[in-house]
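Report on the structure
Listed here are the chains, written in short residue letters.
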Amino acid sequence: QSEAVVLDVRHEDDFVKKHIPKSIFIGIQGNFAPWVGALLADVKQPILLVTTEGREEETITRLSRVGFDHVLGYLKGGIDAWEAAGFETDSIDSIKPEQFASELSKKSIVVDARKPSEFDAEHVENAVNIPLDSINSNFSAVPKEDTFYLHCAGGYRSVIMASILKSRGYHNLINVEKGI
């Protein structure tokens, strides 16, 4: 049996500020069920939840509707209880679009997490398109040692991708808030 995944379903703005190290973010307020299905894939995967208080049952119900019935439980008291117990938290470097625009140079590495059709319509010059749904099979395309910017259309998918990358040891990423 595989290790449990810590699935954090709070808002992406809360996740980037503070989360359990190696946890995966897929926000309940976004396109939740399809992303869980695409990115976790194994419906037998044991899951531990971090939710906003009061959304525990809703999250368990929504997971079970798409076949994920192995929720082991949730973190009572949420991330604040985790921190109060003395456990370590992690964060994601995240910047506003205006700061991204001012820092961007020809040497910047930019990863775009949107679908190819969105990327083809418009994208940051020299950006690399690595669609979120392909990240589990596409790690080699992501620079591990170099610092890079990560964005999507609205800030939801880039935080999901950032959480997956960080859980796999990619720490040199900067998320662009609110997306392109």
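Residues numbered from 1 in each chain as written. Predicted model: local features only at pLDDT ≥ 70, side-chain atom pairs only at ≥ 80, totals over all residues. Heavy atoms only, no water.

**Digging into the nonpolar core**
This is how it is decided: Working definition of a nonpolar core: buried Ala, Val, Leu, Ile, Met, Phe, Trp, Tyr and Cys residues. They are joined through side-chain atoms within 4.5 Å. Burial classification: accessible surface area is computed with a 1.4 Å probe over protein chains only, and a residue below 20% of its type maximum counts as buried, one above 50% as exposed, and the rest as partly exposed. Each helix is a run of DSSP H or I of at least 4 residues and each strand a run of E of at least 2, with the numbering of both proceeding from the N terminus. Only heavy atoms matter for contacts: two residues are in contact if any of them lie within 4.5 Å across the pair.
Judged by nonpolar contacts, the single largest core of 39 residues is most densely connected at Leu7, Ile26, Ile135, Ile160, Met161 and Leu165. Elements that contribute at least two residues to this core include exactly strand 1 (5-8), helix 1 (12-17), strand 2 (24-25), helix 2 (32-40), strand 3 (47-50), strand 8 (148-151) and helix 7 (156-167). Take this core: its biggest share by element is 7 residues, from helix 7. Setting aside its immediate chain neighbours within four residues, Met161 contacts Val111, Ala113, Ile130, Pro131, Leu132, Ile135 and Leu150.

**Points about the packing of helix 2 against helix 7**
Stated formally: Between N-to-C directions, angles cover 0 to 180 degrees, with each direction set by a line fitted to C-alpha atoms, over the stretch in contact for helices. Throughout this description, any angle smaller than 35 degrees is read as roughly parallel, any larger than 145 degrees as roughly antiparallel, any in the 65 to 115 degree range as roughly perpendicular, and the remainder as oblique. What makes a crossing left-handed is the near helix being turned counterclockwise from the far one by less than a right angle; a clockwise turn instead makes it right-handed. Each residue is assigned to one of three groups, with Ala, Val, Leu, Ile, Met, Phe, Trp, Tyr, Cys and Pro labelled nonpolar, Asp, Glu, Lys and Arg labelled charged, and all others, Gly among them, labelled polar.
Axis separation between helix 2 and helix 7 bottoms out at 13 Å; the angle between their running directions is 30 degrees. In terms of orientation, helix 2 and helix 7 fall into the roughly parallel class. Crossing hand, helix 2 versus helix 7: right-handed. Along the contact surface, helix 2 presents Phe32, Trp35 and Leu39, while helix 7 presents Tyr156, Arg157, Ile160 and Ile164. Its residues placed into classes, the contact of helix 2 with helix 7 shows 6 nonpolar, no polar and 1 charged.

**Description of helix 7**
Note the following rule: A helix is expected to reach a length of 1.5 Å times the quantity of its residues less one.
Across its 12 residues, helix 7 extends 17 Å between first and last C-alpha, which sits within 8% of the 16 Å expected from 1.5 Å per residue. Judged by how many residues are buried, helix 7 sits mostly within the fold: 12 of 12 residues are covered. Taken together, the buried positions of helix 7 are occupied by Tyr156, Arg157, Ser158, Val159, Ile160, Met161, Ala162, Ser163, Ile164, Leu165, Lys166 and Ser167. The first or second residue beyond helix 7 is Gly169, which carries a positive phi of 95 degrees.

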